[in-house]
Amino acid sequence: MNSTCWLADRYPELALQPLWDYMRERQVLFQSPLVAACFAFSAHLFFCTPYLLLDFLGDRWQWIYKYRIDVRTNESFQLRRWLDCLRRIILKYLSGILPSVALLQSLRGQSLPDEAPSCFLALKEIVMCLLLFDTFFFGWHYFMHRVPWLFQQVHRAHHQNHNTFALAAQDASIAELVSLQTLAQGTAALVHCHPVSEVVFHLLNTYLAVDDHCGYDLPWALHRLLPCFSGARYHQTHHQKYKGNYAPYFRHWDWIFGTALVEDSTRPQHEADVHEHG
């Protein structure tokens, strides 16, 4: 354990306590469903912004395109695609996410602790949440692909983006968005996360979803630094082949169950795959 963690364990106020005191003083605000939904939406847009800039600058600096996963998408910047996707997401947040956040928060009725977690405890809870959510997501995602009715009614909307881009991470049906939100909230509840750990988990969850859908394989991408993570190329293969690579962030479940696919950027079977699920 490093010195920072040791100090945080001995003197929590030196690390996360000021932040936690600030949040507790504004408890009513931070527990508002509207604030929670707006925060989640804003975080998604924030993480998408660098990839929007890459798409925009690609017309001017062609070297950016060498990091695109599917070379056949090296076309002029399409602002309409981003705006249409943004409109769909806003409508689904208003009609689905906001009511479900209000319902989930009313069911939890969480009392807030006085002390912030140590940095070691926060890190442990966040890692546990990521691993557990990855497990739940893998099972649910696999099930949606194996049951034709679920694919058509719940998951097909997400697959309208055959070549992924960052904003498309939350471009899904209301039913799927609410189900994934419930999985994330349920994961944090099962781990008994401190609220600080839970906020960081949800932020990481959002970031990793954007990274999976960004459409770029950048030198500093997380899966290049930590090979246990899947990355954008891994997930785009799933979108192009309509099967396999079901885990969202890690690779182990696909390896264990034999659903891992070779990561390529070609799409020769795309039309057949669409008809197969149609």
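Reading the values: the criteria
Residues numbered from 1 in each chain as written. Predicted model: local features only at pLDDT ≥ 70, side-chain atom pairs only at ≥ 80, totals over all residues. Heavy atoms only, no water. Salt bridge = Lys/Arg side-chain N within 4 Å of Asp/Glu carboxyl O. Core = buried A, V, L, I, M, F, W, Y, C linked by side-chain atoms within 4.5 Å. Buried < 20%, exposed > 50% of the residue type's maximum accessible area, 1.4 Å probe, protein only. Helix = DSSP H or I, 4+ residues; strand = E, 2+ residues; numbered from the N terminus. Contact = heavy atoms within 4.5 Å. Axes fitted to C-alpha atoms, helices over the stretch in contact; angles between N-to-C directions. Left-handed = near helix turned anticlockwise from the far one by under 90°. Polar contact = N/O pair within 3.5 Å; in protein donor to acceptor, adjacent residues only side chain to side chain. 1 Å grid on protein atoms, 1.4 Å probe; cavity = no way out; pocket = protein on both sides within 12 Å on 5 of 7 lines; lining within 4 Å. Points joined across faces, edges and corners; volume = space filled by probe spheres on them. Nonpolar A, V, L, I, M, F, W, Y, C, P; charged D, E, K, R; others polar.

J.: Give me the lowdown on the pattern of salt bridges, citing residues and values where you can.
T.: In this structure the tally under the stated criterion is six salt bridges. Here Arg 224 ties to Asp 217 by a salt bridge, and the two come within 3.1 Å at their closest N and O atoms. Each of Asp 55, Arg 68 and Arg 81 takes part in a single network of salt bridges with overlapping partners.

J.: Explain the nonpolar core residue by residue, including any values.
T.: In terms of nonpolar packing, the biggest core is built from 39 residues, with Tyr 51, Ala 166, Leu 167 and Tyr 249 touching the most fellow members. Broken down by secondary-structure element, the contributors of at least two residues to this core are α4 (33-57), α5 (79-108), α6 (119-146), α8 (174-191) and α9 (195-213). Tallying contributions element by element places α5 first for this core, with six residues. Once residues within four sequence positions are removed from consideration, Ala 166 is found in contact with His 44, Cys 48, Tyr 51, Trp 82, Val 210, His 213 and Cys 214.

J.: Provide a residue-level description of the packing of α8 against α9, including the pertinent values.
T.: It is the contact of α8 with α9, at a shortest axis distance of 11 Å, that shows an interaxial angle of 145°. Classified by chirality, the crossing of α9 by α8 is right-handed. The segment α8 lies against α9, with Ala 184, Gln 185, Thr 187 and Ala 188 engaging Glu 198, Phe 201, His 202 and Asn 205.

J.: If you had to explain the environment of Ser 100 to someone new, which residues and values would you point to?
T.: Within the secondary structure, Ser 100 sits in helix α5. In this structure, the C-alpha to C-alpha distance between Ser 100 and Ala 37, residues 63 residues apart in sequence, is 9.6 Å. Setting aside residues no more than four positions away along its own chain, Ser 100 makes contact with Val 178 and Gln 181. Among the polar contacts listed, one links the side chain of Ser 100 to the backbone oxygen of Gly 96, at a separation of 3.1 Å. Within the structure, Ser 100 has its side chain in polar contact with the side chain of Gln 181 (distance 2.5 Å).

J.: Provide a residue-level description of the layout of surface pockets, including the pertinent values.
T.: For the largest pocket, the calculated volume is near 1300 Å³. Lining the largest pocket are 49 residues, and of these Ala 36, Ala 40, Gln 181, Gln 185 and His 202 sit closest to its centre. For the lining of the largest pocket, the secondary structure elements donating two or more residues are α2 (17-25), α3 (27-30), α4, α5, α6, α8 and α9. No other element matches the 10 residues that α9 contributes to the lining of the largest pocket. When its residues are assigned to classes, the lining of the largest pocket shows 28 nonpolar, 16 polar and five charged.

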